[in-house]
Amino acid sequence: MISVRHWVGLYVALFPLFAASAVEAVLAPGYGPLQYTPPTAGSYALPPLGVAADGQVINDAGKPLQLNELLGDKLVLLGFIYTRCSDINGCPLASYVMKKVQAGVAKDDALNRQVRLISLSFDPESDTPDALRDYAMHFRRRGSDWQFLTTASEATLQPILEGYGQVRQKNFDENGEYTGSMSHILRVFLVDRQGRIRNIYSTGFLHADTVINDLRTLQIEADAGSVSGEKAK
Amino acid sequence: MRWILLFTLFVTSAGFADETCMSPYMAKIQGQEDFVYVWTLGVDGVGDEQDKLVTVDVNPKSPNYGKVVSSLSVGGRNEAHHTGLSDDRRYLWASSLDTSKIFIFDIHSDPAKPTLHKEIADFVAVTGGVVGPHTSYALPGRMMITGLSNNRDHGGRTALVEYTNAGDYIVTHWMPTDDNLQGAVKSGEFADGFGYDVRALPRKNIMVTSSFTGWNNYMMNLGALMSDPEAMKAFGNTAVVWDLHARQPKKILDVPGAPLELRCAWGENHDYCFTTTALTSKIWLIFEDDKGEWQAEAVGDIGDATKIPLPVDISIFADDSLLWVNTWNDGMTRLYDISDPHQAKQIYSKKIGEQVNMVSQSWDGKRVYYTSSLLANWDKQAPAGPDLQYLKVYDFDGSELQEKLSIDFLAAKLGAPHQMRFGAYALYGDKTASR
C-alpha cells in the first residue's frame, strides 16, 4: 500500500503550483489507489441527471464558443476550476484526476478518441485564455482533447454556474477586499453523447479508476444502442 | 469569532444529521452554530396546527439567542419527520411520512429566515409506489431518499429513491427481498425488504441501509400497535450493505428488532457503522472484518430491554470515541464508550424529558441538542409541562451535561419538534453576520 505521505510527495512533485496547502490537508481518495474493486463496467446503470447546460465560453486560444459545441460528439468529463485555487482537495484534485483519466483513456482502445476533457474556469477575471494556456501546460498531453475554457465576464459565467448547480463564492478579507480565493464545491460532470449529465463526482467520490469505469459503461451502452439509466426504474 | 472547517472548502461527498454525521469532505460548522432548524409536527389544538420549520437562534453572542426567529408553516399536517441538507448545504429537504410530501427549504439566502423553495407532492406516483420518505442523504449533486413503506399494502417493503438537487426524480431502487434478492447474499434468516436510514462510506464504496416498519404501523396508535401481535411482527430485522457506486445490494445482514439510525465512523481506517435496535434494545456494529466481509454484531445493551426503553436517535463523536444513544420511552440520553467498537460500554446517562428522540451535537462535542417527538400517534400526551415537547440545548464538558437553553414547543404554540439541523452565516460567506 502506498502511503499518504507518498501521495503528498507525488502531488507536490507534480503540481508545485499548488504545493502550499498540501502538507497539512487530509488528502482526498482520488490521490491514492482505489480502496475497493469497482463494479464491472457495463454492469450498472448511470441514470440521466438532466441536460448539461449550455453557455458562452472562450477557449484557451481565445476563440468564442457555445459550450454545446463541445458536448454531443464525445463522452465528456467537465470540471469547474480556477487556476489560483490553492485547496489541494479542490481544483487541483480535479485536474490531477483528469490528467490520470487522460492517460487511462489514451491506453484504452475502446475509449481512445471517444472522450473529451473540459476544464471550465469560474474566475473570468484572472483566468484569461493566456492564463489557461499556461495552466494547461501542466496537464494536457500533446494531441489530447482537453479543452480549457473561460468566459468573457461574470455575466456570461453565472448562467453556466446556475445551470450546473455549481456553487462558488468569493472570499473577502476583514476589510472587505477580495482575496483572490473562492470557496466552492468541487464538482466534475460526466456527460454522454446526448448531452445528458450521467454522473457527478465530488471530492469524496472523484477517482480516475471509477471515472474511467463510468466512461466505459457509457461506451458499452452506446455500442449496444441501449437506453441506459432505465434498468432500475 | 466563528470557525468553519473548510480544509476542503465546500467540496463534499455526503452530508447528514448533526455535524459529526457529515462527510469528511463537507463544509462543517466547526465552531459555534448560529441556528438550529427544527422540523416540527403540527399538533391538534396547538398554534396553527400545521407542520412547520422552526428556526432558533442558538449563538450565545446573538441578541436573539434562544429565540424562535422564524416559523414557516407548510400547510396542514403531513407527519413531519426527518430532514437532510443538500451537498452544497444550501437547501434543507424535509420529508413527511404520512402524505409523502417533501418540502425543500432555501436556508442560504437568509439563514435566519428559511423560505420554501419547492414542494414535491407526487413522490408516491413518480417513484412507482414508494411511501413515507424518511432520510434525505446527500450524494454529489443529488439526494438519496429512503422510503418506509409502499402503496400496495402499506407494509414495510420499500425502496431507496434518488432525486437531483433540483428536486427532479431520477430512479428507484427497491430493497432486496426473499423473492428478489437482486444479487445480494442473504447471510441470515431475513430478507424483509424494509427500509429506514442510509449512510455511505465512499472510500469503501459501501452504502448501508437499516429497516423499521410500514405506514400501517407507524401511523397506528402506539398502544394499539403494542397490543397487536401481528402488527408487532411487521418490523424490520435487517441491514443491507450496498455497492454504493452501482447501487446494487451486496449483502443482507440480520439485525433483529428494527435497526434505526445509522452512524458511520470518521477514522481513516474505521470501516464500520453503528445502529441501535428499537425493539431489542441493543447497539449493533456493522463492520468490515479482516477478510473484507461485511458483518453485523451486537456490541452493547441499552437499558433493560424488558422495559422497552426504545432506543431512537444516536450521535457519534468526531473522534469515534463516544456515542450518544437516546431512549425515547424513559426520556434518557446515554453515553457509550465505543473506543473498542466491538464492546460499547455505557459510561453516563441523564434524563432529558418525559420522552426524548433526536440528538445532534456540535463538531467539537461541546453542545448537545435534544428534541422530544417521535411520531404523532406515538408521542406521549402527559404529563403536561416543559418536558413533554421541547428543544433543549446542553453544554457537555466531557463528563456532565449542563442545560443551557430550553424551549417548550407546546407553550410556544409551535407543535412537536423532531429533527434538527445546524446553520451558520459563515457557510455562505456572509461577513456581516460575523459576531
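Residues numbered from 1 in each chain as written. Chains lettered and ligands numbered in written order. Predicted model: local features only at pLDDT ≥ 70, side-chain atom pairs only at ≥ 80, totals over all residues. Heavy atoms only, no water.

1. Focus on the sheet that holds strand β7 (residues 91–96) of chain B
All names here are of chain B.
Moving on, step 1. Strand order across the open sheet formed by four strands is β6-β7-β8-β9, with antiparallel pairing between neighbours. The open sheet has two edge strands, β6 (80–85) and β9 (115–120), and neither has a second partner. On average, adjacent strands in this sheet sit at an angle of 25° to one another, irrespective of strand direction.
Moving on, step 2. Sheet topology note: the β6/β7 ladder contains four bridges and is antiparallel. Paired with L85 across the strands is L92, a residue of β7. (Pairing = 2+ DSSP bridges. Helix = DSSP H or I, 4+ residues; strand = E, 2+ residues; numbered from the N terminus. Axes fitted to C-alpha atoms, helices over the stretch in contact; angles between N-to-C directions.)

2. Some details on the pattern of salt bridges
Moving on, step 1. Tallying each qualifying case throughout the model produces 35 salt bridges over all chains.
Moving on, step 2. Between D87 of chain B and R187 of chain A there is a salt bridge, with its nearest N and O atoms 2.6 Å apart. Of this pair, D87 of chain B sits in the loop between β6 and β7 while R187 of chain A sits in the loop between β7 (178–184) and β8 (188–191), on two different chains. The exposure classification of D87 of chain B matches that of R187 of chain A, with both residues buried.
Moving on, step 3. The salt bridge involving R157 of chain B is made with D179 of chain B; its shortest N-O contact spans 3.3 Å. One end of the pair, R157 of chain B, is in the loop between β13 (149–150) and β14 (159–164); the other, D179 of chain B, is in the loop between β15 (169–174) and β16 (185–186), with 22 residues separating them in the sequence.
Moving on, step 4. Look at the salt bridges and you will find they share partners, linking D197, R199, E261, R263 and D313 of chain B into a network. (Salt bridge = Lys/Arg side-chain N within 4 Å of Asp/Glu carboxyl O. Buried < 20%, exposed > 50% of the residue type's maximum accessible area, 1.4 Å probe, protein only.)

3. Focus on the environment of D228 of chain B
Moving on, step 1. With respect to the helices, strands and loops of the structure, D228 of chain B is situated in the loop between α3 (222–226) and α4 (229–233).
Moving on, step 2. In the structure, D228 of chain B is positioned 125 residues away from F103 of chain B in sequence and 33 Å away in space, judged by C-alpha atoms.

4. Some remarks on the interface of chain A and chain B
Moving on, step 1. Across the boundary between the two partners, chain A contributes 38 residues, which contact 38 residues of chain B.
Moving on, step 2. Across the interface of chain A and chain B, roughly 3100 Å² is buried in total on both sides, 60% from carbon and sulfur atoms.
Moving on, step 3. It is Q35, Y36 and F205 of chain A that lose the most area in chain A upon contact with chain B, and together they represent 17% of the buried surface on that side.
Moving on, step 4. The interface formed by chain A and chain B includes one salt bridge. (Contact = heavy atoms within 4.5 Å. Buried area = accessible area lost by both parts, 1.4 Å probe.)

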